[in-house]
Amino acid sequence: MNPKKLTIETVEGALRAHQYICDRSLATVVYLSITMGKPLLLEGEAGVGKTEVAKVLAEVMETKLIRLQCYEGLDANTALYEWNYPKQMLRSKLEEVQHGDRETVATEIFSEEYLVRRPLLEAIQSDGVTPPVLLIDEIDRADMEFEAFLLEVLSDFQITIPEIGTIRAKKRPYVYLTSNRTREIHDALKRRCLYHWIDYPSLEKEYAIVMTKFPQVESHLAKQVCAFMQRVREMNFYKRPGVAETLDWASALVALNRHELDEATVKETMGCVFKYREDLHHLEEELRCKRLDLNQMLKASAELQA
Amino acid sequence: MEVTTEIIQDAVARYATVRGQGTLANLLAFGRVLKQLGIEIGMSQMIDASRSLGFVNLSSKTDFRVALRANLVSDKDDMALFERAFECFWQDCAPEPPAVDVVTPPIMPAERDGWTDGDAGNMEELLAQGPSPEAQPEPDQEPFSVPTYSPNEVLSRKDFSEMGIEESRAVAQAILMIANKIATQVSRRKKRATKGDGIDPRWTMRKSIKYGGEIVELVERKRRIRKTRVVLLCDVSGSMDCYSRFLIQFMYGLQNELWGVETFVFSTSLSRITHLIRSKDIAGALERISNSVLGWSGGTNIGRSLQTFNQDFAAALVSHRTVVVIISDGWDRGDVRVLGREMQRLKARCRTIIWLNPLLASDHYEPLCKGMQAALPYLDYFLSVHSVNSLVALGRTLQRLVA
């Protein structure tokens, strides 16, 4: 898709065509991030489809997705570049046998040929027609030092390698950062990004998502599943299930050939939705004392307009 | 603190005179309103916001709103406030400018600007000065009693100005020492070192250049020391009243001397006060705290407070390298089972739990009260804290434990 001819509507439509149901506000910020060339920071609870936005967008733009998964202890060497040490050593040994020129070797082993490109450098050096989508996933897992370093890369889109020089991006990559808010992101980094909070989907939207991903699911089952999830999210669980869990559950129900939700089915398959023992326990309790009234909920879901 | 509709209307009215013809002038005025309401906005964000308006259809209010929001708001917690301010500001007709807009009374969030102004000497000065002249006593302040625990949730607002803070710098020193002890930890990241625990290939290679690629020197690397996050949970219920002067100072010392400290106070409910005491200006901070913390000197529900903490904050603030420091006498009015369960949950998440109990100073004290009993199994350290001497002793204990 040509980035110059984008409108909010086409972004929304294209994401939808690639099976990502999004609301207009998300489409607007994605559109803005592309046209303004500004990174987009996506926050939201786990499993609401933050990472998916970048993945789908790479497909929409028909470009490469470069992903940097953050973790504690991630440093510049893993994110940016590293020298290929074994290769460098082999070369210098070889030259030693062949009595090569010392000076030349010393410069040559620090040339691009001996450089291992890590995601950030790859994204900046990429020279396709459309710039790549750079996904910096779960930035909250990396430590503060890495954030500070990222700041430099994201503001100028250039990287300095002492031995080679400064490498500038020919075209700015589309940058998407995601965060689960397990810690606060520094203000300076936030200021450089557009910000969007992805909330849990509404009942209608969640239903649309399930039906898009699993067209074979019977419509009333999908409604029941979504109504159940909506209700459960309002309740006091340690870990509230996201859309990812809804989809897992729906696919499990399809695999098990179920057409209807009932208490037995719910209990059998609850492992798809709740991943903590306490939560499973809590759910059983709620079902038993009818605070979570399955029958009433199922009746209500049947009235829902598709 | 709750931002009321009046405050928003006030802020909008205040900048009504700045508003002019055209979107840009209005956008600038809107930016000021948001700043007034406490949303931090940088110049570059304003520029980008105005730039982004060129890309969206301005006749659609939704798109316009989303474009502004994506640029100007960078935190989920500010979103609701933004929406309210947006609704109030971008009405079809602008509100009438007030007759005397200059004397609009300053409202709380606006004081953010003042936070950074406090110079380094400010804190010590104020400590020496005692009660702050700025903190105004509440006229309708009821005298508060010192209950061991109170059966009722007494949501009293306590004025700090009654408490003279003239404690010497020795306390601050002792606190700083302790802070450094509990906050030093080995990092996973490595740095170059002459004597380390592994070879650094990058620098070994680099150093070999001067010998023509022959490896002569081995550069090693070792793990470096990193500051841990510290979460401080302070009991400010009635039974802790006689220690409150010390508590304030402890919270202050830890928060401002260390990187990555989060401070909470609890009685029947939990409040986060990190942002309130993050400045050198102690007088202003005291005022801010006393204005926003409800339930100061009230009853105690440690279990419920911990539950709130685990649910709302633990995910964001507590990791395997976090040290949680709880200061409380353990008198709990709530369900002891909840306390036990929440302590267990907290223990599973963090590195160390340190419980500081002022009552432990007494020779005859035994942790018999139910709350303390429930919490004991999950504590790494259970220590006394009540005076400068005990602080120094605490420092020594920690030194032994950490070394």
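## Considering unusual backbone geometry
All names here are of chain A.
- A positive phi is found at Gln 19, a non-glycine position, where the angle reads about 65 degrees.
- Of note, Gln 19 is situated in the loop between helix 1 (8–17) and helix 2 (24–36).
- Gln 19 gets classed as partly exposed once you look at its relative accessible area, which sits at 38%.

## Overview of the confidence of the model for chain B
Residue and element names in this part refer to chain B.
- On average, residues of chain B carry a pLDDT of 70, and 63% of them reach 70 or more.
- Across chain B, the element-wise mean pLDDT spans from 39 in helix 6 (residues 112–115) up to 91 in helix 4 (residues 61–72).
- Predicted confidence is poor over residues 93–168, with pLDDT under 50, and the contacts of this stretch with residues over four places away or in other chains come to 120 contacts.
- Two numbers describe this predicted complex: its pTM, 0.64, and its ipTM, 0.80.

## Things to note about the sheet that holds strand 5 (residues 133–137) of chain A
Residue and element names in this part refer to chain A.
- The 5 strands are arranged 2-5-8-1-9 in an open sheet whose pairing can be described as parallel. Looking at the sheet topology across the chains shown, the edges are occupied by strand 2 (65–69) and strand 9 (194–198). Taken over all neighbouring pairs, the strand axes of this sheet differ in orientation by 20 degrees on average, direction set aside.
- Taken together, the 4 bridges between strand 1 (residues 40–44) and strand 8 (residues 174–179) define a ladder with parallel strand orientation. Note on strand 8: the bridge partner recorded for Glu 43 is Ser 179.
- Running over the sheet, helix 2 touches strand 1, strand 8 and strand 9 and is turned about 155 degrees from strand 9.

## So, the environment of Gly 37 of chain A
- Tracing the chain through its elements places Gly 37 of chain A in the loop between helix 2 and strand 1.
- Spatially, the C-alpha atoms of Gly 37 of chain A and Cys 193 of chain A are 9.8 Å apart, while their sequence positions differ by 156 residues.

The rules behind these values
Residues numbered from 1 in each chain as written. Chains lettered and ligands numbered in written order. Predicted model: local features only at pLDDT ≥ 70, side-chain atom pairs only at ≥ 80, totals over all residues. Heavy atoms only, no water. Helix = DSSP H or I, 4+ residues; strand = E, 2+ residues; numbered from the N terminus. Buried < 20%, exposed > 50% of the residue type's maximum accessible area, 1.4 Å probe, protein only. pLDDT = per-residue confidence, 0-100. Contact = heavy atoms within 4.5 Å. Pairing = 2+ DSSP bridges. Axes fitted to C-alpha atoms, helices over the stretch in contact; angles between N-to-C directions.

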